[in-house]
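The residues making up each chain are set out below.
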2 protein chains.
Amino acid sequence: MDGKKYAIIVAGGKGTRINSPLPKQFMLLSGIPILMHTLKKFHECFPETELILVLPDDQFFFWDNLCKKHNFTLKHTIVKGGNTRFQSVKNGLELVKEEGIIAVHDGVRPLVSKELIKQAFLTAQKYGNAIPSTPVNESLRKFNGDKNIPVDRSLYMLIQTPQCFSSAPLKKAYEFEENASFTDDASVFESSGHEIVLIPGEPGNIKITVKEDLLLAEALLKFSKSESLAQ
Amino acid sequence: MDGKKYAIIVAGGKGTRINSPLPKQFMLLSGIPILMHTLKKFHECFPETELILVLPDDQFFFWDNLCKKHNFTLKHTIVKGGNTRFQSVKNGLELVKEEGIIAVHDGVRPLVSKELIKQAFLTAQKYGNAIPSTPVNESLRKFNGDKNIPVDRSLYMLIQTPQCFSSAPLKKAYEFEENASFTDDASVFESSGHEIVLIPGEPGNIKITVKEDLLLAEALLKFSKSESLAQ
């Protein structure tokens, strides 16, 4: 795929994880910090991708040391995170100088496949954006006042990252004022009048938010390694 | 935990998987059919549990052969599935003759932990029911006509099984007429006037519905085995 490529890896808003001993993005997965897996995945898919890592500024020093400790020499630019995800992505977008395709990805989704990254970039090149989604395959309930009620899960979809966009309209969308309905980049993008394009996500592209997710990720990583060795 | 225990394992409504070459519940996980993992898990947790397997009647013969092939001798009673999940569970309930606690569990959730089964039974014994749930940790969208819109994921919960209940009120709840809002046993139970009790579910307690889920399950199972060997 021709054309300029960016990946904005969003790794936690400022101070939101203050009570956690170590933010999830730095935790080791197969001996390597989660964020390094994530950055490497984009590089391995399209080596020319410009990698932009958005990190709370009080974690810069820690990250720098972590890179030295793990001999992590993959070129990437670090940008200061904002108070919200919207602000963090906006800060990342300021480093996008050329026209091209931008992937925005959760730092704590290290297990995204190269196939999904590729598909998202290709679809966004063709249609302007690409948003991975998966069906909800468990019963879903919704809080309604102090009660919670069953809802029809077939009407819902779970949204993953990487979400890919043409750079110009995404940057334009981020010039509007932030509002509470912006839960991800797709919602920002469509608020400026674009229709979003869904592509199939992956059950294994999990977001590591609790300790159990890390175990799940460890299992998946070991398994995928043993599978590729077996081939 | 004293008292009579039942586990109704629900394994597919009649004919709904007619286009699938092999229903997911029979697929091999670590060399053993998924349903056998599921049944064993309940037995290992509380060996006295009466196991009731609800299966479409056109799969009885296949299952019988599978049990012979895999030397699966764990005692369980097979009941004919209905046209809907509601009917299937109702058929299972007809075999519950004594008062006690009933767990209703998806056949295709073989990775449920013994801790969760135990917790669900204990909570139901104390409070009348126990429903495992997990937060939605991905962005959520909802179809609205031909559009789909972002919704606030913090208002939603994903519901898992095993769902455990005191036998008498559950049987009573299943005497009412089926309606479309019955997506699981919790919704049936509360429709007869009971409040449901949520307990924490498990990220690893996945429901195997697509091929990728089977890979995920395989990875988790191998990992948990290697972990327990290492202890």
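Given the structure is predicted, the values throughout are model-derived calculations rather than measurements.

Cut-off values and rules
Along each chain, numbering runs from 1 in the same order as the chain's sequence is written. Key to labels: chains lettered from A, ligands numbered from 1, both in the order written. Only residues with pLDDT of at least 70 get local features here, since the model is predicted, and only at 80 or more are side-chain atom pairs given and counted; chain-wide, interface and lining totals rely on the full set of residues. Note: side-chain values were computed over all heavy atoms of the structure, leaving out hydrogens and water. Helix and strand assignments come from DSSP, with helices taken as H or I runs of at least 4 residues and strands as E runs of at least 2, each series counted from the N terminus. Radius of gyration here is computed from C-alpha atoms only, and the compact-globule reference equals 2.2 Å multiplied by the residue count raised to the power 0.38. Burial status follows relative accessibility: with a 1.4 Å probe on protein chains alone, a residue under 20% of its type maximum counts as buried, one over 50% as exposed, and anything between as partly exposed. Contacts are assigned to residue pairs that have any heavy atoms within 4.5 Å of one another. Per-residue and other accessible areas follow the Shrake-Rupley method at a 1.4 Å probe size, with only the shown protein chains counted as cover for residues. Two parts placed together each lose some accessible area; with a 1.4 Å probe, that loss summed over both constitutes the buried area. By definition here, a salt bridge exists when the distance from a side-chain nitrogen of Lys or Arg to a carboxyl oxygen of Asp or Glu is within 4 Å. What sets the superposition is a least-squares fit of C-alpha atoms, and only residues with pLDDT of at least 70 in both copies go into it. Side-chain atoms alone can form a polar contact between residues adjacent in sequence; in general such a contact is a pair of N or O atoms within 3.5 Å, and within protein one must be able to donate a hydrogen while the other accepts it. Here, any two strands with at least 2 DSSP bridges between them count as paired. For every residue, the predictor reports its confidence as pLDDT, a number between 0 and 100.

As a further point, take the overall build of chain A. A tally of helices and strands in chain A yields 7 helices and 12 strands. The C-alpha radius of gyration of chain A comes to 18 Å, within 12% of the 17 Å expected for a compact globule of 231 residues. Taken over the C-alpha atoms alone, chain A extends approximately 50 × 40 × 40 Å along its principal axes. Expressed as a percentage of its 231 residues, the buried residues of chain A come to 52%. Residue pairs at least 24 apart in sequence account for 74% of intrachain contacts in chain A once pairs closer than 6 positions are excluded. Summed over its atoms, the accessible surface of chain A is roughly 10,700 Å², and 53% of this surface lies on carbon and sulfur atoms.

Take the environment of I34(B) next. Along the chain, I34(B) falls in helix α1 (residues 34–45). For I34(B), the residues in contact, after removing those within four places along its chain, are K24(B), Q25(B), F26(B), M27(B), L29(B), G107(B), V108(B), P110(B), I208(B) and L214(B).

Looking now at the interface of chain B and chain A. Across the boundary between the two partners, chain B contributes 46 residues, which contact 46 residues of chain A. A buried area of about 4,000 Å², summed over both sides, lies between chain B and chain A, and 60% of it is on carbon and sulfur atoms. Interface area lost by chain B to chain A is led by E138(B), R141(B) and F223(B), which between them contribute 18%. In this assembly, chain B and chain A are joined by 6 salt bridges.

What follows concerns the relation of the copies chain B and chain A. There are two copies of the chain, and a rotation about an axis plus a shift along that axis relates them. Overlaying chain B with chain A gives an RMSD of 0.0 Å, the required rotation being 180° about an axis along which the chain moves by 0.0 Å. Classification of the inter-copy transformation places it as that of a two-fold axis. Residues of chain B ranked by C-alpha distance from the rotation axis are headed by A219(B), positioned 2.6 Å from it.

Before going further, it helps to spend a moment on the side chain of S113(B). Residues and elements named next belong to chain B. Tracing the chain through its elements places S113 in the loop between β6 (100–106) and α4 (114–127). Exposure remark for S113: the relative accessible area of 15% places this residue in the buried category. Separated by 3.0 Å, the side chain of S113 and the backbone nitrogen of L116 make a polar contact.

Under the counting rule described, the total for this entry stands at 24 salt bridges over all chains. R109(A) is paired through a salt bridge with D106(A); the nearest N and O atoms lie 2.8 Å apart. By sharing partners, the salt bridges in this structure join R85(A), D106(A), R109(A), D185(A) and E138(B) into a single network.

Before going further, it helps to spend a moment on the pairing of strand β10 (residues 156–159) of chain A. Residues of β10(A) alternate between two faces, with Y156(A) and L158(A) on one and M157(A) and I159(A) on the opposite face, all of them buried. The pairing of strand β7 (residues 129–135) of chain A with β10(A) spans 3 bridges and is antiparallel. Considered in β10(A), the bridge of T134(A) is made with L158(A). Examined bridge by bridge, β10(A) and strand β8 (residues 139–144) of chain B share 4 bridges and lie antiparallel to one another. Bridge pairing in β8(B) places I159(A) opposite S139(B).

So, about the confidence of the model for chain A. Predicted coordinates in regions of low pLDDT should not be interpreted in detail. All names here are of chain A. Model confidence for chain A is summarised by a mean pLDDT of 91, while 94% of its residues fall at 70 or above. Low pLDDT, under 50, characterises residues 14–18; the stretch is placed with 8 contacts to residues that sit more than four places away or in other chains. Interface confidence for the predicted complex, expressed as ipTM, amounts to 0.84; the pTM equals 0.85.

Pairing analysis gives 5 bridges linking strand β8 (residues 139–144) of chain A to strand β9 (residues 147–151) of chain A, with the strands arranged antiparallel. Bridging from a neighbouring strand, R141(A) pairs with P150(A) of β9(A).

Here T123(A) is to be found in helix α4 (residues 114–127). With residues up to four places along the chain from it excluded, the contact list for T123(A) reads G128(A), N129(A), A130(A), V197(A) and I199(A).

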